[in-house]
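So you can see what is in the structure, the chains are spelled out below.
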Amino acid sequence: MISTGLYEGQQLYGFTVIKKVPLYEIDAVSIQLMHNATGMEVWHIHCDDKENLFAYIVKTLPEDDRGLSHILEHCILRGSRRFN
């Protein structure tokens, strides 16, 4: 199994390591961290693969069901060459 050098309870760059779980099927380790100042949770999958991907998902609940957030999303992405 891959060694991360991290341990549960360790403080690292403003985060606390909450949990480590080996992912034997993909020869990796799942690491759950919590940002100390905001309480935001982050999961990292540590492996030896050189290909990288990251995503942060922030829950933003709308105040009503008018769909304004969804409309703004389309307006913003429509202005991008990548999403035309």
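I will try to describe carefully the structure that is included in this document. (Residues numbered from 1 in each chain as written. Predicted model: local features only at pLDDT ≥ 70, side-chain atom pairs only at ≥ 80, totals over all residues. Heavy atoms only, no water.)

### What about the pairing of strand β2 (residues 15–23)?
Here's step 1: Here two bridges tie strand β1 (residues 11–12) to β2, and the two strands are oriented antiparallel to one another. The residue of β2 that forms the bridge with leucine 12 is phenylalanine 15.
Here's step 2: Between β1 and β2, which follow one another and run antiparallel, lie two residues, and tyrosine 13 among them has a positive phi close to 50°.
Here's step 3: One ladder, built from eight bridges, connects β2 with strand β3 (residues 28–35); its direction is antiparallel. If you follow proline 22 over to β3, its bridge partner there is valine 29. (Pairing = 2+ DSSP bridges. Helix = DSSP H or I, 4+ residues; strand = E, 2+ residues; numbered from the N terminus.)

### Focus: unusual backbone geometry
Here's step 1: Here tyrosine 13, not a glycine, exhibits a phi torsion of approximately 50°, which is positive.
Here's step 2: Topologically, tyrosine 13 is positioned in the loop between β1 and β2.
Here's step 3: One non-glycine residue, aspartate 27, lies in positive phi territory at about 50°.
Here's step 4: For aspartate 27, a relative accessible area of 42% puts it in the partly exposed group. (Buried < 20%, exposed > 50% of the residue type's maximum accessible area, 1.4 Å probe, protein only.)

### A closer look at the nonpolar core
Here's step 1: With eight residues, the main nonpolar core is built from Ile2, Leu6, Phe15, Val17, Val29, Ile31, Leu33 and Val42.
Here's step 2: Of all elements in the fold, only β2 and β3 reach the threshold of two or more residues within this core. (Core = buried A, V, L, I, M, F, W, Y, C linked by side-chain atoms within 4.5 Å.)

### Let's talk about the side chain of threonine 16
Here's step 1: Mapped onto the fold, threonine 16 is located in strand β2.
Here's step 2: A polar contact of 2.8 Å, which involves the side chain of threonine 16, links it to the side chain of glutamine 11.
Here's step 3: Side chain to side chain, threonine 16 and asparagine 36 meet in a polar contact 2.6 Å long.
Here's step 4: With residues up to four places along the chain from it excluded, the contact list for threonine 16 reads Gly9, Gln10, Gln11, Gln32, Leu33, Met34 and Asn36. (Polar contact = N/O pair within 3.5 Å; in protein donor to acceptor, adjacent residues only side chain to side chain. Contact = heavy atoms within 4.5 Å.)

### Re the pairing of β3
Here's step 1: Across the eight residues of β3, six count as buried, placing the element largely inside the fold.
Here's step 2: Here β2 hands over to β3 after four residues, with aspartate 27 in that stretch at a positive phi of 50°.
Here's step 3: Of the pairings in the sheet, the one linking β3 to strand β4 (residues 41–46) comprises six bridges and is antiparallel in character. Note on β4: the bridge partner recorded for valine 29 is histidine 46.
Here's step 4: The loop that links β3 with its antiparallel partner β4 comprises five residues; one of these, glycine 39, has a positive phi angle of about 80°.

On their own, these measurements won't tell you what the molecule is for.
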